[in-house]
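Analysis of the macromolecular model
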Amino acid sequence: MTTSAPTRRATHGPATTPAPRARRTPPPAVAPLTVATWLYAEPEDEQSLYPRVTGEGGSATARFQAVYWRCIVASLATSRRMNPGARHVFYTNL
């Protein structure tokens, strides 16, 4: 039984040592996040009618606007929970 010597792969070029790992640079500073929303409440002389929002009256009624107030509260509450470091701004004409 004959045994053969292990074969060596040819290497190209001189053996080199791996370069030292570069230090990670910190990410660039990011401006603070601002979350903004608004509500424009239409006065009675500018109110609109929305066929899809039935039974709420025109857009100037408190009942109609209450729908939007509830949405704003839910939206900003969720945003504060998910973005605690953000600046939250609300604009309105009221």
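Residues numbered from 1 in each chain as written. Predicted model: local features only at pLDDT ≥ 70, side-chain atom pairs only at ≥ 80, totals over all residues. Heavy atoms only, no water.

**A closer look at the overall build of the protein**
A count of helical and extended segments in the protein gives one helix and two strands. Its helices and strands taken in sequence order, the protein reads β-α-β from the N to the C terminus. Across the 94 residues of the protein, 15% fall into the buried class. Taking the contacts inside the protein whose residues are at least 6 apart along the sequence as the reference set, 52% of them involve residues at least 24 apart. Surface summary for the protein: the accessible area is close to 9000 Å², and the carbon and sulfur share equals 57%. (Helix = DSSP H or I, 4+ residues; strand = E, 2+ residues; numbered from the N terminus. Buried < 20%, exposed > 50% of the residue type's maximum accessible area, 1.4 Å probe, protein only. Contact = heavy atoms within 4.5 Å. Areas by Shrake-Rupley, 256 points an atom, 1.4 Å probe, with all protein chains shown as cover.)

**Remarks on the side chain of Gln65**
Among the secondary structure elements, Gln65 is positioned in helix 1 (residues 62-82). Of note is the side chain of Gln65, whose polar atom sits 3.1 Å from the backbone oxygen of Ser59. Contact partners of Gln65, with chain neighbours within four places excluded, come to Ala41, Glu42, Ser59 and Ala60. (Polar contact = N/O pair within 3.5 Å; in protein donor to acceptor, adjacent residues only side chain to side chain.)

**Details of the side chain of Ser79**
Note that Ser79 resides in helix 1. Overall, Ser79 belongs to the buried group, its relative accessible area being 10%.

**Side note on helix 1**
If you check helix 1, its first and last C-alpha atoms are 30 Å apart, about what 21 residues at 1.5 Å a residue would give, namely 30 Å. All of the buried residues along helix 1 are Phe64, Gln65, Ile72, Leu76 and Ser79. Viewed end-on, helix 1 has its buried residues packed into an arc of 90°, placing them on one side of the element. When the buried face of helix 1 is taken as reference, the exposed residues oriented beyond 90 degrees from it are Arg63, Arg70, Val73, Arg81 and Met82. Those residues of helix 1 hidden inside the fold are in contact with strand 1 (34-39) and strand 2 (87-92). (Expected span 1.5 Å × (residues − 1). Arc of directions from axis to C-beta.)

**Here we look at the packing of aromatic side chains**
Under the definition given, this model contains two aromatic pairs. Look at Phe64 and Tyr68: their rings are 5.5 Å apart centre to centre, the planes differ by 40°, and that puts the pair in the tilted class. Linking Phe64 with Tyr68, this pair stays in helix 1, spanning four residues, or about one helical turn. Consider the rings of Trp69 and Phe90, whose centres lie 5.5 Å apart with planes at 55°: the pair is tilted. Of this pair, Trp69 sits in helix 1 while Phe90 sits in strand 2, placing them 21 residues apart in sequence. Since its relative accessible area comes to 31%, Trp69 is described here as partly exposed. We classify Phe90 as partly exposed; its relative accessible area is 29%. (Phe/Tyr/Trp six-rings, centres within 6.5 Å; stacked < 30°, edge-to-face > 60°.)

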